[in-house]
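Chains, contacts and geometry: an overview
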Amino acid sequence: NRRFILERRPNGVPAAADFRLSEESVPEPGEGEFVIRNIYASLDPAMRGWLDDAPSYMPPVPLGEAVRASTVGKVVASKSADFPVGTWVSGLGAIEEYSLSREGGFTRAIDVSSVPSPSNYLSVLGAVGLTAYFGVVDVLAPKAGQTMLVSGAAGAVGSLVGQIGKIHGCRTIGIAGGPDKVRRLTEDYGYDVGIDYRGKDRAAIEAEIRTAAPGGVDLVFENVGGDILDATLDCLADRAVIALCGLISEYNSVEKVGARNIWQLIVHRAMIRGFLVSDYLPRFAEGVTALAGWMGEGKLRFDEHIDRGIENALPAFLRLFEGTNEGKMILQLGEP
Ligand code: NDP
């Protein structure tokens, strides 16, 4: 059982010496327990925060433990009637080839017969899809005709946000890095306008948002923070609503700078609201039903970027910060 262990807490961008690959025996299930062979592990920007010993919504990954991640896998040994051998499951586990889990925890059985790939439970039908769904439907509550600006717009969450915004009749503007991703914003994800932020300073980004939305933006789905959020705050319409989903540009910075321009919230009587997808646990079934319905109608395009092998866990994770992932970043740990 190879496991991706946190050796020391990263300072800035995680480095190879912060981790170690350990080789351990496969666990044996006790009463009410079962062993999962992990096939896919989700690589999420939020995992960077879990590596720090800082106050957050979850305890930090303990040193010497495998790095926490959402996973999809199959039960291979079981002393639980609810999770017999062969059951496909998804839950909050770790980057390791085999995990011990028990009844009543976060692991749930999944139906893989109705989806193109079991990995979809880590993308469109997992936390990513639900973040996009509840961030738009509940936090932003869009009305047809409103202008919605999305940062990180070509990423896993952002690409779905733009499409859900369109389903609600919004005019959508996406911000992403590089010409290829910007082309995909309009061609693949239905954005009305794509903005490339790469190599541009704050003033240039602001000018592009203003050109795309001369009347200001009514709704903002913020994934990035830093200069992009700061420029956005100068382009708000009155009573704008900002769903604060993530601040990826700041996750590896040792000194958190943050957006400085919050005066504009007063000027425009705007609201900014942070949210966590886990808040919506009681409504996950609603979200999955809506997302699966749109998928069935061919209204949602979603992409997955799958790298293989536990030995590639760190370079695959770092893609999220380099922007070299094209779709939901997933690490494949074994064959289905
Ligand atoms: P993505 O698939 O969007 O991958 C991350 C992308 O972020 C990269 O591809 C890159 O795109 C962009 N990026 C990285 N560094 C920077 C930077 N310095 N400046 C600007 N853009 C950057 O990841 P996810 O869809 O999984 O996550 C997107 C956001 O959603 C994250 O902030 C994450 O923390 C947040 N999130 C929040 C949740 C919640 O419950 N609140 C739940 C899930 C995710 P590009 O090439 O365009 O730069």
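Thresholds, definitions, all that
- Residues numbered from 1 in each chain as written.
- Predicted model: local features only at pLDDT ≥ 70, side-chain atom pairs only at ≥ 80, totals over all residues.
- Axes fitted to C-alpha atoms, helices over the stretch in contact; angles between N-to-C directions.
- Helix = DSSP H or I, 4+ residues; strand = E, 2+ residues; numbered from the N terminus.
- Parallel < 35°, antiparallel > 145°, perpendicular 65-115°, else oblique.
- Contact = placed C-beta atoms within 7 Å.
- Nonpolar A, V, L, I, M, F, W, Y, C, P; charged D, E, K, R; others polar.
- Near = placed C-beta within 6 Å.
- Core = buried A, V, L, I, M, F, W, Y, C linked by C-beta atoms within 7 Å.
- Buried ≥ 20, exposed ≤ 12 C-beta atoms within 10 Å, placed from the backbone.
- Domains from an automatic or database assignment.
- UniProt positions renumbered as here; feature names shortened; annotations may be inferred.
- Pairing = 2+ DSSP bridges.
- Expected span 1.5 Å × (residues − 1).
- Left-handed = near helix turned anticlockwise from the far one by under 90°.

Right, let's talk about the packing of helix α2 (residues 127-140) against helix α8 (residues 284-296) for a bit. Axes are the key here: two packed helices are described by the angle between their axes and the distance separating the axes. Their axes nearest at 10 Å, the elements α2 and α8 cross at an angle of 95°. Considering the angle they form, α2 stands roughly perpendicular to α8. Contacts from Gly129, Leu130, Tyr133 and Phe134 in α2 reach Phe284, Gly287, Ala290 and Leu291 in α8. Its residues assigned to classes, the contact of α2 with α8 comprises six nonpolar, two polar and no charged.

Here we take up the site of the ligand. Taken together, 30 residues sit near the ligand, with Gly155, Ala156, Gly177, Gly246 and Gly323 positioned nearest. Elements with a contribution of two residues or more to the shell around the ligand: α2, α3 (156-167) and α9 (313-322). Here the residues of the shell around the ligand sort into 17 nonpolar, 11 polar and two charged.

Turning our attention to the nonpolar core. Residues Leu43, Ile95, Leu160 and Phe221 are the most contacted members of the largest nonpolar core, which totals 86 residues. Among the elements that line this core, the one with the most residues is α2, at nine residues. Three or more residues apiece are contributed to this core by two domains, here domain 1 (2-123 + 302-332) and domain 2 (127-278). The residues contacting Leu160, other than those within four sequence positions of it, are Val124, Val128, Gly129, Ala132, Leu300 and Phe302. The next biggest cluster of nonpolar side chains, apart from the first, holds seven residues, and it includes Phe34, Val35, Val75 and Val89.

This part covers the UniProt feature "domain: Enoyl reductase (ER)" (unreviewed entry) in the chain. Within this structure's numbering, the places UniProt gives as "domain: Enoyl reductase (ER)" (unreviewed entry) are residues 12-331. The annotated region residues 12-331 carries 27% helix and 26% strand content, and the separation between its end C-alpha atoms amounts to 22 Å.

We now examine the environment of Asp227. Looking at the secondary structure, you find Asp227 in helix α6 (residues 226-233). Classification of Asp227 as buried rests on a count of 20 C-beta atoms within 10 Å. Put simply, Asp227 and Ile5 are 222 residues apart on the chain and 34 Å apart in space, counted from C-alpha to C-alpha. Those residues in contact with Asp227 that lie beyond four places of it in its chain are Arg202 and Ile205.

In terms of domain boundaries, the chain breaks down into domain 1 (2-123 + 302-332) and domain 2 (127-278). Of note, the centres of domain 1 and domain 2, computed from C-alpha atoms alone, are 28 Å apart. Each partner contributes residues to the interface: domain 1 has 15 residues there, and domain 2 has 13 residues. Taken together, the residues of the side of domain 1 that touches domain 2 sort by class into five nonpolar, seven polar and three charged.

A word on the sheet that holds strand β8 (residues 147-151). What the six strands build is an open sheet, ordered β10-β9-β8-β11-β12-β13; its pairing is parallel. In the strand order of this sheet, the two ends are held by β10 (193-196) and β13 (271-274), each with one partner. Strand after strand, the sheet turns through a mean of 15° between neighbouring axes, direction not considered. Along the sheet, α3 makes contact with β8, β9 (171-176) and β11 (217-222), crossing β9 at roughly 170°. The strands touched by helix α4 (residues 179-187) are β9 and β10; relative to β10, the strand with the most contacts, the crossing angle is about 165°.

Let us look at α8. Side chains three or four residues apart in an α-helix point the same way, a direct result of the helix having 3.6 residues per turn. Over its 13 residues, α8 extends 18 Å from the first C-alpha to the last, a length consistent with the 18 Å expected when each residue adds 1.5 Å. Looking one or two residues past α8, Gly298 carries a phi angle of roughly 70°, positive in sign.

A few words now on the pairing of strand β3 (residues 33-42). Among the 10 residues in β3, seven count as buried, and that is most of the element. Across five bridges, β3 lies against strand β6 (residues 98-102) in antiparallel orientation. Note on β6: the bridge partner recorded for Ile36 is Ser99. Where β3 meets strand β4 (residues 68-78), seven bridges bridge the pair, whose relative direction is antiparallel. Bridge assignment links Val35 to a residue of β4, and that residue is Ala77.

Looking now at the packing of α2 against α3. One way to put it is that α2 packs onto α3 with a least axis distance of 8 Å and a crossing angle of 40°. One element, α2, and the other, α3, form an angle in the oblique class. Our pair here, α2 against α3, has a crossing hand that is right-handed. Every residue of α3 that contacts α2 at Val128, Gly129, Thr131, Ala132, Tyr133, Gly135 and Val136 is listed here: Ala156, Val157, Leu160, Val161, Ile164 and Gly165. Its residues assigned to classes, the contact of α2 with α3 shows nine nonpolar, four polar and no charged.

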